[in-house]
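Letter by letter, the chains look like this.
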Amino acid sequence: MAAFVPVTVGAVVAAGIAGAAWRAGSLSRSGAAAAALLGTLAAAAGPAWAAVLIAYFVSSSALSRLGAARKASRTAGTVAKGGARDAAQVLANGAAFGVAAGAWLLTRDAVWAAVGAGALAASAADTWATEVGTWVGGTPRHVLTWRPLDAGMSGGVTVAGSLAMIAGAVVIGACAEGLGLPARVEPVAAGGLAGALADSVLGATLQERRRCEACGALTEQVRHACGGDTRAVGGAGGVGNDVVNALATAVGAVTAGWVAARAG
Ligand SMILES: [Zn+2]
């Protein structure tokens, strides 16, 4: 029963933050419910877990809002989902962290702190890369073939986005260590970089690519912004951003846990 009060307070704070993000348009209604659940789980795991989750959430939401109109105009013809994040998007980015928090509650093994923070670092690195890269501009290039891509297409990388990716991984690693999780910055940042790289590679290969039948543009939209229908021309059918994000955060989580366990 000793844990009942902090968990209740945590649930109220998590609901408050998720509600504010819903009113601000960062989360949809289902996204806010999923975020409140993750926040409550983090609060149950301990104040350091909650603090790192809040640091991740606030920094990523702030970067998403940075120059939102300019970014939306640049990716209007490519990205499938914009605006408020729904529950699938929240869980694609947060489920691995939630699993790690639950495992930490059961085992108190420090490796789960690295796993959880590594998942957030991977998600942050990818989000920072996408948001800063789209905002700054420059021609994205395919992560494997180096051919130019339209802004917003998965698997594209830019110089500014790559620098932001490194910053996002290191900042979440520093938050994990500085805010009191039993995890060091190095394994968490390593997980973040591995996860973000996996996101780009899977986005360029596994993720479904579509072509507009009317104007011929490559896009991730089922109905193109121009009004034309699109058909699948590559990748695995039905594999969208959420699946790729879930796999990439899992890569980040496992990498961080592996590096932390090896470092002892
Ligand atoms: Zn079109």
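See the structure printed just above.
This text gives an overview of the structure that appears in the document. (Residues numbered from 1 in each chain as written. Predicted model: local features only at pLDDT ≥ 70, side-chain atom pairs only at ≥ 80, totals over all residues.)

Quick word on the sheet that holds strand 4 (residues 218–219)
Spelled out, the test is: Pairing between strands requires that DSSP locate at least two bridges from one strand to the other. Helical segments are the DSSP runs of H or I of at least four residues, strand segments are the runs of E of at least two, and each set is numbered from the N terminus.
Reading across the sheet, the three strands line up as 4-3-5 and stay open at both edges, with antiparallel pairing between neighbours. Edge positions in the sheet fall to strand 4 and strand 5 (230–234), since each of these pairs with one other strand and no more. Here strand 3 (residues 209–212) runs beside strand 4; their pairing, made up of two bridges, is antiparallel. Bridge pairing in strand 4 places R210 opposite T219.

Some points on helix 8 (residues 185–205)
Two residues of an α-helix separated by three or four positions point the same way, owing to the 3.6 residues in each turn. We count it as follows: For a helix, the expected span equals 1.5 Å multiplied by the residue count minus one. Here a residue counts as buried when 20 or more other C-beta atoms sit within 10 Å of its C-beta, as exposed when there are 12 or fewer, and as partly exposed otherwise, the C-beta atoms being derived from the backbone.
Over its 21 residues, helix 8 extends 30 Å from the first C-alpha to the last, a length consistent with the 30 Å expected when each residue adds 1.5 Å. Among the 21 residues that make up helix 8, 17 are buried, leaving the element largely enclosed by the rest of the structure.

Considering the nonpolar core
Heads up, the condition is: Working definition: the nonpolar core is a set of buried Ala, Val, Leu, Ile, Met, Phe, Trp, Tyr and Cys residues, joined through C-beta atoms within 7 Å. A pair of residues counts as a contact when their C-beta atoms, built from backbone coordinates, are within 7 Å of each other.
Counting residues in each nonpolar core, the largest one holds 69 residues, and the members touching the most others are A117, A121 and I172. For this core, the elements supplying multiple residues, two or more each, are helix 1 (4–23), helix 2 (29–45), helix 3 (47–65), helix 5 (87–107), helix 6 (111–136), helix 7 (159–178), helix 8 and helix 9 (241–263). Looking at this core, the element that brings in the most residues is helix 6, giving 15 residues. Apart from residues lying up to four places away in sequence, A117 is in contact with V52, I172, A176, L181, A183, V188 and A256.

Section: the pairing of strand 3
Only one face of strand 3 is buried, namely the one carrying R210 and C212, since none of R209 and R211 on the opposite face is buried. Bridging between strand 3 and strand 5 involves four bridges; their strand directions are antiparallel. Note that in strand 5 the partner of R210 across the bridge is A232.

Quick look at helix 1
Our working definition: It is the directions from the helix axis to the C-beta atoms that the arc portrays.
Under the 1.5 Å per step criterion, the end-to-end length of helix 1 is 28 Å for 20 residues, consistent within 8% with the ideal 28 Å. Residues G10, A14, I17, A18 and A21 constitute the buried set of helix 1. The buried residues of helix 1 occupy an angular sector of 95 degrees when the element is viewed end-on, so they sit on one face. Exposed and facing more than 90 degrees away from the buried side of helix 1 are F4, V5, T8, V9, G16 and R23. Of the surrounding elements, those touching the buried residues of helix 1 are helix 2 and helix 3. Two residues or fewer past helix 1, G25 is found with a positive phi of approximately 85 degrees.

Considerations on the environment of A263
Take A263: it is sitting in helix 9. Classification of A263 by C-beta neighbours within 10 Å gives exposed; the count is 10. Separated by 198 residues in sequence, A263 and R65 place their C-alpha atoms 37 Å apart.

A short note on the environment of R108
Summarising the element assignment, R108 is placed in the loop between helix 5 and helix 6. Sequence separation of R108 and A45 is 63 residues, and the distance between their C-alpha atoms is 9.3 Å.

Some points on the packing of helix 7 against helix 8
Helix-helix packing is characterised by the crossing angle of the two axes and by the distance between the axes. Heads up, the rule is: Lines fitted to the C-alpha atoms define the axes, with helices restricted to the stretch that makes contact. Angles between their N-to-C directions range from 0 to 180 degrees. Crossing handedness follows the turn of the near helix against the far one: under a right angle anticlockwise gives a left-handed crossing, and clockwise gives a right-handed one. Under the scheme applied here, ten amino acids are nonpolar (Ala, Val, Leu, Ile, Met, Phe, Trp, Tyr, Cys and Pro), four are charged (Asp, Glu, Lys and Arg), and all others, including Gly, are polar.
Interaxial distance between helix 7 and helix 8 falls to 8 Å at its minimum, and their mutual angle equals 145 degrees. As for how helix 7 packs across helix 8, the hand of that crossing is right-handed. The segment helix 7 lies against helix 8, with M165, I166, G168, A169, V170, I172, G173, A174, A176 and E177 engaging V185, V188, A189, G192, L193 and A196. A breakdown of the residues in the contact of helix 7 with helix 8 according to their chemical character gives twelve nonpolar, three polar and one charged.

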